[in-house]
Amino acid sequence: MATHAVSISDAEYEEVRSHRLLGFLLFLISDTIVFSSFIFSYLYDRSASPIWPPLGVERPGLYLAAVNSIVLFGSGVTMHLAMEAWRHADRPRFNNWMIATIVLGLGFLSGQAWEYSHLHDTWWGTVFGASFFTLTGLHGFHVFIGVIFLITVLLQTRRGVYSQTRYFGLTAVTLYWHFVDVIWVALFFLFYVY
Amino acid sequence: MTISELQREASHAHIHPPPQGFVSRYVISFDHKVIAVQYFITSGLFFVLAGLLAELIRVQLLQSHNTLLSAQTFANAYSVHGSAMVWLVIIPVLTGGFGNLAMPLMIGARDVAFPWLNMFSFWLFPPAGILVFLSFLYGAPQAGWTEYPPVSLHTPGTAFWCAGIFLIGVSSTITGINFMVTIIKMRAPGMTWTRMPLFVWATLVTAFLSAIATANLSAALAGLFIQLVFHVPFYDPAHGGSPVLWQHVFWFYSHPAVYIMILPVFGIVSEVLPTFVRRPIFGYRAIAYSSVAIALVSFMVWAHHMFTSGLAQWVQLPFMILTMAVGIPTGIKIFSWVATLWDGRIRFTTPLLFALGFLPMFTFGGITGVMLASVPADIHEHATYFVIAHLHYVLFGGSVFGLFAGLYYWWPKMTGRLLDERLGKLHFWLMFISFNAAFLPMHWLGLLGMQRRVAFYDNQFEGTKLLHLVTDTNVWASFWAFVLGASMLVFAYNAVRSATHGKIAGPNPWGARTLEWMTSSPPPYYNFAEIPLVLHGPYDYGKPLPYANISQDLATEPIA
Amino acid sequence: MNETRKQPLLDSTFWSVTVLLTVISGLLMWGVVIFPIEDWLPEASSVAAHIDFLFRFMAFFGVPILVYVSGYIIYFAWRYHIRKGDSRLAVGSPIHDHPGLEAAWTIVPSIIMLILGVLSYIVMPKYYLASASSVATIEGIGHTFYFEFRYPGLAQSVDNDLHLPVNKEVTIYLTSDEVDIRNAVIHSFWVPEFRVKQDMIPGMIVPIHITPVKEGTFRIICTEFCGVGHSDMVGRVVVQSQADFDTWFKTEQHMQTQGATKGVTISITGGNATAGGQLFAAKCTTCHSTGAFDERKVGPGLGNLFHDTNHPKLVTGKPANPDDVADIIEHGFSGDLGTMPNMQVNQLTDKDIANLIAYLESLHK
């Protein structure tokens, strides 16, 4: 697949790129729908419940989550900077910003893991816990896949798979990473603020 | 655009080298036509299995208290019958089967946008089906294809059901994305939106529904699975969850799903009619745009399946109004199809017969659908045999008749041979008569008091004057259901026989005008030697073929 | 292939066929209007006649749609099909739309739908709004597999028997008994003669309002799959004059104040094992097999009920002897595995119980 980037004509690459971009955007939309469905379930259960959070459930700590969010949004900034560096053909800067993004992503995941390990066991038995773990877990899984995606793209750049004008994989991972950030905005608001 | 500009644009669609070896050609194939055949074979197999389950149901219902099947086994039978027909037969055959077979050819492309994903989508299908049927070993689902909790949580086999349907859902979503990109981006030069064949419109809208709606099913199934296996209380009222939540999330997908199951058929009928009537389809724009309207509104009517679930009146009202509204664009299509027959030059081939049979049956199903849309009427009709009658009229009278129209129509393109016309007509008449005879009386069975999902119906009618009538009606329905099952054997025989005895088809046996008929039967793996250049829409019989670089000789005289 | 059409657009044959289809529609529509629904299914509640009217309205307009669609298909198929000797290349009319016609067949159905929507909207509140005249509130609870009704003024509930005085509005609160997810199921309360249906959902209590207008005995049918006994979950609603209802109520009160019975109160001697066997097959096999204890369907296998050294005690803790088995059949039992209905729910007479005991005794392996 990636080898086509080098071997086909400009016009044909442009065609292939536009297909892949549309396909990838449609994939992100359908992924958003999955999250929306779980969010709907959460809001439904919440509105049917007289008190929230349910008895015996303490909201997870806002402070840790806020710090973790800054880490994640920070990785969004570094992702953007990496993309800019690529466009300006500044490979050393690109590498650095990519590594920063990966590190921050892993940092977010570690923060999540730490938070999970400090939440009460009984959470699983409540509908708050059910929604919280499913949604943040699904999101965390997306971050994890995103980190793998980032590492793969970084390795691909080292192998010379992309050129200065043909770098769809990089575009895709940028879109994906920003998508993960946007979902987190919604989840952070729903579970920690609202 | 000038012809030379169009030609320049087309030159990018180069031809890849051919696949080599049995595995690359027929097993792990990236060719949409081979993948289509794979879908047809797999869904055909599940059609037989699900059909046998249906016949088992009808044997049980020959007596009002039959001891042939236990209540448990009966529940397993109808649950897997429904689940298989929806997810392992109709949806895959219409999208993965017909969508793959005809759509890329109709838009003048060499293949779909993402051939590897197409192959992957297909190969999710057999494991999905195996998982669903594997549930029989661990306690198959008993709560119907809708698997409402809490009762669905009492059977461990529900976990297999969740996993299997989840897989086929992923397959459906990927195919939806694939087809959307293909149609939006890969139409032949000159094929503007309003020059696109109506089957392509139908496939586009269906693909949109597949990509967007199915994601909700995945979430719902994940919730049910997690609750079943890890005891997490999504739908558990004792811990803050709600069984009605499942109904909302399930139906938010499943209502658009029924449109996934009918829109491609609308597309098939819109192709079959002009071909055998040899005049333009009446109301092209109305048919195209009404499909879009139906798809959008289909997301807003889901709770009409839940009118007895304790929803507040102010919630029920908009769902009722919108459900009634969605009947209007459908009616427009039906009237347009009938008007297409007027002043035509009609040839009664088997595909046309199936299309003509589809029309009144789907109309009738649509009328009973409106009867279900009205909240007060639905209160009486919900969860009775009235609904079973309605759903079979639209899904069998609609989807199955439509898919046979498509199958008889595109069989020569797919295989290079024609199916036998006399056997085809026999199949049609057997199926048409037996289907209507079996399912029409079920409307009043439901209205008089026979509810769904019952292995025995003596208790419901004991002490009334109706028991005898209800038993007789069930015996009658079962008899005709057996004839219906037998009618499929006629098709199977015809299909097998065509391999050796079918007339050679040539590129355009029906004298049609859409692009799939402008290449050989079956097409070469690269579909077209040169990407076609499109000048006009495809339905103007009487005018020259609307393609710049295709021989007018392909406007052949029909063989039949 | 450029044939030009010179025929008039719609000729006299077309109009004749249209008239014929109109006549057929008219006859069928008249049939819809006069069809005696009440002969097949009594209109036994205040709302039933309205529902039937709505249904007639929809059938009334559905009929011409079906007749015209099918009729024109048949006519056009016959009229325009190519005959022997015609060229298969012949081409039909090039007309591909007609704004006036398309507008007509969009607007007219829309108007009919709108009217239907308004009529439906008018009927809707009749279930859901209590008028001030509601005389009583009854609780209806769905169990596996029977309906329990609690009446104000009665100490104990009555199973599968809903008594209502005619022409009085009552409110019934419906729910499902179990909330533990391992046992909970959704049921549905449907009385076809009332045209009333409401799901009984665990964790929810939903009120319905019914005014019965005809005396008689009607069926309560569970309409939501609830397990293996779903087909058997049928109760009765008895609509009576106020006087008869009062009599029933007093009798019920009296019977209940006799005290809860413990132990069997009927004679179980001289039962017929063959009759018992037939009864067992009809009523008990949903939940019990005649195999070993562990051949469980819902309840245990009863093949070796009286002589099983591994299971000498019944689920009530009493020893497995005929009197204590009869006690369970008479009064029912509720426990972890589910609920066994009592003799009233199972519609068993004293003699039936004696026959069943005889049959069970005959199963000794």
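Residues numbered from 1 in each chain as written. Chains lettered and ligands numbered in written order. Predicted model: local features only at pLDDT ≥ 70, side-chain atom pairs only at ≥ 80, totals over all residues. Heavy atoms only, no water.

1. Description of the overall build of chain B
Put simply, the rule reads: For the purposes of this entry, the term helix denotes a DSSP run of H or I that reaches at least four residues, the term strand denotes a run of E that reaches at least two, and both are numbered from the N terminus. In this setup the radius of gyration rests on C-alpha atoms only. A globule is expected at 2.2 Å times the number of residues raised to 0.38. In this scheme, a residue with accessible area under 20% of its type's maximum is buried, one over 50% is exposed, and one in between is partly exposed, where area comes from a 1.4 Å probe on protein chains only. Working rule for contacts: check all heavy atoms of both residues, and any pair within 4.5 Å makes them a contact. Exposure was quantified through the Shrake-Rupley algorithm and a 1.4 Å probe, taking into account, for residues, occlusion by the shown protein chains and nothing else.
A count of helices and strands for chain B gives 19 helices and 0 strands. At 24 Å, chain B has a C-alpha radius of gyration in line with the 24 Å of a compact globule built from 560 residues. Projected onto its principal axes, the C-alpha coordinates of chain B cover approximately 75 × 50 × 45 Å. When burial is assessed residue by residue, chain B has 71% of its 560 residues classed as buried. Across chain B, contacts joining residues at least 24 apart in sequence account for 81% of those joining residues at least 6 apart. Working note: accessible area of chain B is about 16700 Å², and carbon and sulfur atoms make up 71% of it.

2. Examining the overall build of chain C
Along the backbone of chain C there are 9 helices and 12 strands. Against the 2.2 N^0.38 benchmark of 21 Å for 365 residues, chain C shows a C-alpha radius of gyration of 30 Å, more extended than a compact globule. With respect to the three principal axes, the spread of C-alpha positions in chain C is 95 × 55 × 35 Å. With 365 residues in all, chain C has 48% of them scored as buried. Put simply, 68% of the contacts in chain C that link residues at least 6 apart link residues at least 24 apart.

3. Points about the interface of chain B and chain C
Heads up, the rule is: A side-chain nitrogen of Lys or Arg and a carboxyl oxygen of Asp or Glu constitute a salt bridge if their distance falls within 4 Å. Polar contacts, as used here, are pairs of N or O atoms within 3.5 Å; protein pairs need one atom able to donate a hydrogen and one able to accept it. Residues neighboring in sequence count only if both atoms are side-chain atoms. The residue classification treats Ala, Val, Leu, Ile, Met, Phe, Trp, Tyr, Cys and Pro as nonpolar and Asp, Glu, Lys and Arg as charged. All others, Gly included, are polar.
Counting from both sides, the interface comprises 101 residues of chain B and, opposite them, 87 residues of chain C. For the pair chain B and chain C, the interface holds 1 salt bridge. For arginine 88 of chain C, the salt bridge identified is with glutamate 557 of chain B, shortest N-O distance 4.0 Å. For the pair chain B and chain C, the interface holds 31 residue pairs in polar contact (both at pLDDT 80 or more). In terms of residues, the side of chain B that touches chain C owes the most to one element, helix H12 (residues 327–341) of chain B, which gives 9 residues. Of the residues assigned to the side of chain B that touches chain C, the class counts are 60 nonpolar, 28 polar and 13 charged.

4. Topic: the sheet that holds strand S3 (residues 158–159) of chain C
All names here are of chain C. Where we set the bar: Here the rule is simple: two strands pair whenever DSSP picks up at least two bridges between them.
With mixed pairing, 5 strands are arranged side by side in an open sheet as S3-S2-S1-S5-S8. The two strands at the open ends of the sheet, each matched to only one other strand, are S3 and strand S8 (206–210). Bridge count between strand S1 (residues 136–143) and strand S5 (residues 170–176): 7 bridges; the pairing is parallel. Looking across to S5, one finds that glutamate 139 is bridged to tyrosine 173.

5. Digging into empty space enclosed by the protein
Residue and element names in this part refer to chain B. Our working rule: Every definition here rests on a 1 Å grid over the protein atoms only: cavities are sets of points where a 1.4 Å probe fits but cannot get out, pockets are open sets enclosed by protein on both sides within 12 Å along at least five of seven lines, and lining residues have some atom within 4 Å of a point. Grid points are joined across faces, edges and corners, and a volume is the space filled by probe spheres set on the points.
All told, the structure shown has 7 cavities of 30 Å³ or more when counted by the stated rule. Taken as a whole, the largest cavity holds about 100 Å³ of empty space. Together, 14 residues line the largest cavity, and Ile91, Pro92, Ile168, Ser171 and Ser172 are the ones closest to its centre. When contributions to the lining of the largest cavity are tallied by element, the ones reaching two or more residues are helix H4 (71–106), helix H6 (158–185) and helix H7 (198–230).

6. Observations regarding the arrangement of the chains
Once contacts are tallied for each of the 2 pairs of chains in contact, the highest total is for chains B and C. At the level of C-alpha atoms, the two units chain A and chain C stay apart, their nearest approach being 11 Å.

7. Structural notes on the environment of phenylalanine 208 of chain B
All names here are of chain B. Relative to the elements of secondary structure, phenylalanine 208 occurs in helix H7. For phenylalanine 208, a relative accessible area of 27% translates into the label partly exposed. Residues phenylalanine 208 and phenylalanine 122 lie 86 residues apart in sequence; the distance between their C-alpha atoms is 18 Å. Aside from chain neighbours lying at most four places away, what touches phenylalanine 208 is Met180, Leu296 and Phe299.

8. Examining the pairing of strand S7 (residues 196–200) of chain C
Residue and element names in this part refer to chain C. Burial runs high along S7: 5 of the 5 residues are buried. Here S7 shows a buried face lined by Val196, Gln198 and Met200 and a second buried face lined by Lys197 and Asp199. As judged from the 5 bridges shared by strand S6 (residues 187–191) and S7, these two strands associate in the antiparallel manner. Note that in S7 the partner of serine 188 across the bridge is aspartate 199. Between S6 and S7, which pair antiparallel and follow one another directly, the connecting turn spans 4 residues, one of which, arginine 195, has a positive phi of 60°.

9. Quick notes on the domain arrangement of chain C
Residue and element names in this part refer to chain C. For the record, the criterion: Where a domain begins and ends is set by an automatic assignment or by a domain database. Throughout, buried area stands for the accessible area (probe radius 1.4 Å) lost by two parts on being put together, summed over both.
Partitioning chain C into structural domains gives domain 1 (12–82 + 97–127), domain 2 (136–262) and domain 3 (273–361). Spacing between the C-alpha centres of domain 1 and domain 2 amounts to 38 Å. With 13 residues of domain 1 at the contact, the number on the domain 2 side is 14 residues. Summing both partners gives a buried area of about 1100 Å² for domain 1 against domain 2, and 56% of it is carried by carbon and sulfur. Inspection of the region where domain 1 meets domain 2 yields 1 salt bridge. One salt bridge connects arginine 195 with aspartate 52, and the closest N-O pair in it is separated by 2.8 Å.

10. Describing the nonpolar core
Operational definition: Take the buried Ala, Val, Leu, Ile, Met, Phe, Trp, Tyr and Cys residues and link them wherever side-chain atoms come within 4.5 Å; each set so joined is a nonpolar core.
Among the nonpolar cores identified, the biggest contains 337 residues, and Trp87, Trp337, Phe358 and Trp410 of chain B together with Leu162, Phe189 and Phe194 of chain C are the most heavily contacted of them. Mapped onto the domain boundaries, this core takes at least three residues apiece from domain 1 (12–82 + 97–127) and domain 2 (136–262) of chain C. Contacts of tryptophan 87 of chain B, omitting those with residues within four sequence positions, involve Pro92, Trp145, Trp161, Ile165, Ile168, Leu217, Phe250 and Tyr253 of chain B. Listed in part, the 22 residues of the second largest apolar core include Leu279, Phe280, Leu305 and Ile353 of chain C.

11. Quick look at the interface of chain A and chain B
Listed as interface residues are 29 residues of chain A and, on the opposing side, 30 residues of chain B. Carbon and sulfur atoms supply 74% of the area that chain A and chain B bury against each other, a total of about 2500 Å² over both sides. Area buried by chain A at its contact with chain B is led by His19, Leu26 and Tyr44 of chain A, which between them contribute 21% of it. The tally of links between chain A and chain B comes to 0 salt bridges. Counting the contacts that link chain A with chain B gives 2 residue pairs in polar contact (both at pLDDT 80 or more). Secondary structure elements with two or more residues in the side of chain A that touches chain B: helix H2 (10–48) and helix H5 (127–158) of chain A. Ranked by the residues each element gives to the side of chain A that touches chain B, the list is headed by H2 of chain A, at 20 residues.

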